[in-house]
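This is what each chain is made of:
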Amino acid sequence: MSKKILVVDDEQSIVTLLQYNLEQAGFEVITANDGEEGKNLAINENPDFIILDIMLPKLDGIEVCKILRQSKVTTPILMLTAKDEEFDRVLGLELGADDYLTKPFSPREVVARVKAIFRRSEYNHERPEVQELQEEKFQFKDLVVYPELYEAYFKEELLELTPKEFELLLYLCKHKGRVLTRDQLLSAVWNYDFAGDTRIVDVHISHLREKIEENTKKPLYIKTIRGLGYKLEEPKSE
């Protein structure tokens, strides 16, 4: 079954170009020309991926992204911006977008980015039996992460994580006890250069702590190593 992609842009020429190239790549495409319509389609049509322009009528892309993430919509989001401004791209990523592209862009690059995020975020649906999967997990007290299932649980409750939040958590789990610098995390999780803007890492760490820490002011799992970065630890038994 083909993946459904929502394209939200008020420039019809861009919508037509993206729709053609994405359909040629085998995707189903639905479109919207303003933020309000895009938000409604994102919630009601349950797309597998969202391509979202920042400058939109009615609701801008930043606001749409914010509303979707607050509504627990974890669908991967690729943001488009006509301005190569630090504020736009960083704010969009802080709010939970997974990637961004600056206009003008190559349609081939958009398709490549979409495929790359799908590869990173999806798991094999023909997965082994649950009993076999028990071995393929990371467990630290009340936190359990299943890499193959692309799921994480805290106190036996499924966590609502965006793809980037999950990738960040998984990377921390794989390097338990090691101090990881912000630059290391940027390189490993975001895969490309953000000109050293480690704020993106800090914000995603903050989002994770809100979901797995009982007291975000005194975290037990994700510790800040002042002047260096972060590390994930197993809480000590009381």
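Please refer to the structure higher up on the page.
Anyway, here's the lowdown on the structure attached to this text. Here the structure is a predicted model, which is why all the values come from computation and not from measurement. (Residues numbered from 1 in each chain as written. Predicted model: local features only at pLDDT ≥ 70, side-chain atom pairs only at ≥ 80, totals over all residues. Heavy atoms only, no water.)

As for unusual backbone geometry
For the bond from Lys103 to Pro104, the omega torsion is -5°, close enough to zero to count as cis. Looking at where Pro104 falls in the secondary structure, it is placed in the loop between strand 5 (99-102) and helix 5 (107-121). A positive phi angle, near 55°, is found at Lys141, a position not held by glycine. Tracing the chain through its elements places Lys141 in the loop between strand 6 (138-140) and strand 7 (143-146). (Helix = DSSP H or I, 4+ residues; strand = E, 2+ residues; numbered from the N terminus.)

Concerning the sheet that holds strand 4 (residues 77-81)
Here we have 5 strands laid out as an open sheet, ordered 2-1-3-4-5, and parallel in their pairing. The outermost strands of the open sheet, each flanked by one partner alone, are strand 2 (28-32) and strand 5. The average angle at which neighbouring strand axes cross in this sheet is 20°, direction not considered. Bridge analysis of strand 4 against strand 5 gives 4 bridges, and the strand direction is parallel. Among the inter-strand pairings, Met79 is bridged to a residue of strand 5, identified as Tyr100. Set on the sheet, helix 1 (residues 12-24) makes contact with strand 1 (4-8), strand 2, strand 3 (49-53) and strand 4; between it and strand 2 the angle comes to about 165°. Relative to the sheet, helix 2 (residues 35-44) contacts strand 1, strand 2 and strand 3, its axis offset from that of strand 2 by approximately 145°. (Pairing = 2+ DSSP bridges. Axes fitted to C-alpha atoms, helices over the stretch in contact; angles between N-to-C directions. Contact = heavy atoms within 4.5 Å.)

Things to note about the nonpolar core
Judged by nonpolar contacts, the single largest core of 49 residues is most densely connected at Leu52, Met79, Leu143, Leu169, Leu172 and Ile222. Looking at which element gives the most residues to this core, the answer is helix 7 (residues 163-174), with 6 residues. Once you skip the residues sitting within four places of it in the chain, Leu172 turns out to touch Leu180, Leu185, Ile205, Leu208, Ile222 and Leu232. In this structure, Ile14, Leu22, Leu80 and Ile117 belong to the second largest nonpolar core, which totals 19 residues. (Core = buried A, V, L, I, M, F, W, Y, C linked by side-chain atoms within 4.5 Å. Buried < 20%, exposed > 50% of the residue type's maximum accessible area, 1.4 Å probe, protein only.)

Some words on the packing of aromatic side chains
The final tally for this structure, using the stated rule, is 3 aromatic pairs. On the basis of an interplanar angle of 85° and a centroid distance of 6.1 Å, the ring pair of Tyr146 and Tyr153 is categorised as edge-to-face. Residue Tyr153 is classed as partly exposed on the basis of its relative accessible area of 24%. (Phe/Tyr/Trp six-rings, centres within 6.5 Å; stacked < 30°, edge-to-face > 60°.)

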